[in-house]
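Now for the letters of each chain:
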Amino acid sequence: MVLAALGDVVQVPVWLDLLAVFSGAVLGAVFAVRNHFDLAGVLALAMVTGFGGGVIRDVLLNQRPVAFQQNAYMITAIAAALAGFFFATHIERLEFPLSFLDAVTLAMYATVGVSKALSNHVAVMPAILIGVVAAVSGGVLRDVFVARVPEIFTPGTLYAIPALIGATIFAGLHGVGVGLRVTAPTAVAVIVVIRLAAYRFGLRGPRPVDATAVVWKRARASRIRPRRQR
């Protein structure tokens with residue numbers, strides 16, 4: 001099993017955690033190259049996208065960020081930034097691998113985030129929120145850095161919703177006493193499947209509906225409907 005349980009916290013193998021950082025960082029680097037950033041900008045955006053979510057998660061939990069405890073995280077983000085800086089055109093052609101890595105990264109950050117929050121005795125709903133924040137913060141910071149409306153606030157393929165669903169499933173299963181060896185893989189699988197389905201079929205989140213206008217229109221239509229003649 002990829003995700004392991006140690007005590008009451010989901011433990012991600014270092015290699016997989018670094019793969020998540022690399023995935024996020026290379027996506028950030030490609031985004032920076034697309035926006036004509038120089039090397040410094042590419043490095044900065046890659047790092048922010050790569051481990052920004054994990055840093056915010058740990059800060060919210062009043063812990064020292066994992067990314068600042070080992071050199072490997074910084075080295076991985078720099079390697080991803082350089083890969084994006086020199087090979088952005090070729091990387092963008094790897095559409096499915098990048099989509100899959102993006103989905104796995106989203107799933108791992110959401111699952112580990114809610115797990116760490118619950119293990120630190122955070123209430124269920126705030127713990128779910130921390131999981132979602134950890135999952136989407138890298139992308140939000142990336143967009144903010146380039147003066148762009150964050151993806152989670154714009155119409156598009158499902159992004160925060162899969163993280164919310166997966167984090168909620170994790171918290172729900174955890175709440176009824178299901179072990180981490182089941183809750184973690186289940187939450188990750190659900191998030192990955194929803195995210196990939198959104199890519200494949202263009203699934204989008206629900207848009208606002210003016211319920212008052214709908215009800216009023218139907219009420220007016222019922223009042224002006226001609227009565228049937230006997």
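Residues numbered from 1 in each chain as written. Predicted model: local features only at pLDDT ≥ 70, side-chain atom pairs only at ≥ 80, totals over all residues. Heavy atoms only, no water.

1. So, helix H2 (residues 39–60)
The α-helix winds at 3.6 residues per turn, so residues separated by three or four positions along the chain end up facing the same way.
Phase 1 of the analysis: Between the first and last C-alpha of H2 there are 31 Å, a value that for 22 residues agrees with the 32 Å anticipated at 1.5 Å per step.
Phase 2 of the analysis: Once H2 finishes, Asn62 follows within two positions and takes phi at roughly 60°, a positive value. (Helix = DSSP H or I, 4+ residues; strand = E, 2+ residues; numbered from the N terminus. Expected span 1.5 Å × (residues − 1).)

2. Details of the pattern of salt bridges
Phase 1 of the analysis: Counted under the stated rule, the structure contains eight salt bridges.
Phase 2 of the analysis: Here Asp143 makes a salt bridge to Arg142, at a shortest N to O gap of 3.1 Å. An identical accessibility class is assigned to Asp143 and Arg142; each is buried.
Phase 3 of the analysis: The salt bridge involving Arg148 is made with Asp143; its shortest N-O contact spans 3.9 Å.
Phase 4 of the analysis: Residue classification places Arg148 among the partly exposed positions, given a relative accessible area of 39%.
Phase 5 of the analysis: Asp143 sits in the buried class, given a relative accessible area of 0%. (Salt bridge = Lys/Arg side-chain N within 4 Å of Asp/Glu carboxyl O. Buried < 20%, exposed > 50% of the residue type's maximum accessible area, 1.4 Å probe, protein only.)

3. Section: a nonpolar patch on the surface
Phase 1 of the analysis: On the surface, a nonpolar cluster with roughly 610 Å² of combined accessible area is contributed by Leu39, Met74, Ile78, Leu82, Phe85, Phe86 and Phe87.
Phase 2 of the analysis: Top contributing element to the nonpolar patch by residue count: helix H3 (residues 71–92), with six residues.
Phase 3 of the analysis: Relative to the helices and strands, Met74 is located in helix H3.
Phase 4 of the analysis: When its relative accessible area of 31% is taken as the criterion, Met74 is described as partly exposed. (Patch = residues over 30% accessible without salt bridge, like charges linked within 9 Å, V, L, I, M, F, W, Y side chains within 5 Å. Areas by Shrake-Rupley, 256 points an atom, 1.4 Å probe, with all protein chains shown as cover.)

4. Thoughts on the packing of H2 against helix H4 (residues 95–119)
Phase 1 of the analysis: One way to put it is that H2 packs onto H4 with a least axis distance of 10 Å and a crossing angle of 10°. Classified by the angle between their axes, H2 and H4 sit roughly parallel to one another. Counting all contacts with H2, which are made through Gly50, Phe51, Gly54, Arg57 and Asp58, the residues of H4 involved are Tyr109, Val112, Gly113 and Lys116. (Axes fitted to C-alpha atoms, helices over the stretch in contact; angles between N-to-C directions. Parallel < 35°, antiparallel > 145°, perpendicular 65-115°, else oblique. Contact = heavy atoms within 4.5 Å.)

5. Looking at the environment of Arg148
Phase 1 of the analysis: Its place among the elements puts Arg148 in the loop between helix H5 (124–145) and helix H6 (160–175).
Phase 2 of the analysis: The contact partners of Arg148, leaving out residues within four places of it in the chain, are Phe31 and Asp143.

6. Examining the environment of Val10
Phase 1 of the analysis: Within the element layout of this structure, Val10 appears in strand S2 (residues 9–11).
Phase 2 of the analysis: Sequence separation of Val10 and Met108 is 98 residues, and the distance between their C-alpha atoms is 9.7 Å.

7. Some thoughts on unusual backbone geometry
Phase 1 of the analysis: Phi is positive for His36, close to 65°, though the residue is something other than glycine.
Phase 2 of the analysis: With respect to the secondary-structure elements, His36 resides in the loop between helix H1 (14–34) and H2.
Phase 3 of the analysis: Look at His36 and you get exposed, because its relative accessible area is 72%.

8. A closer look at H1
Phase 1 of the analysis: In this model, H1 (21 residues) spans 30 Å end to end at C-alpha, consistent with the 30 Å of a helix rising 1.5 Å per residue.
Phase 2 of the analysis: Looking one or two residues beyond H1, the residue adopting positive phi is His36, at roughly 65°.

From the geometry alone we can't say anything about function, so treat these as descriptive.
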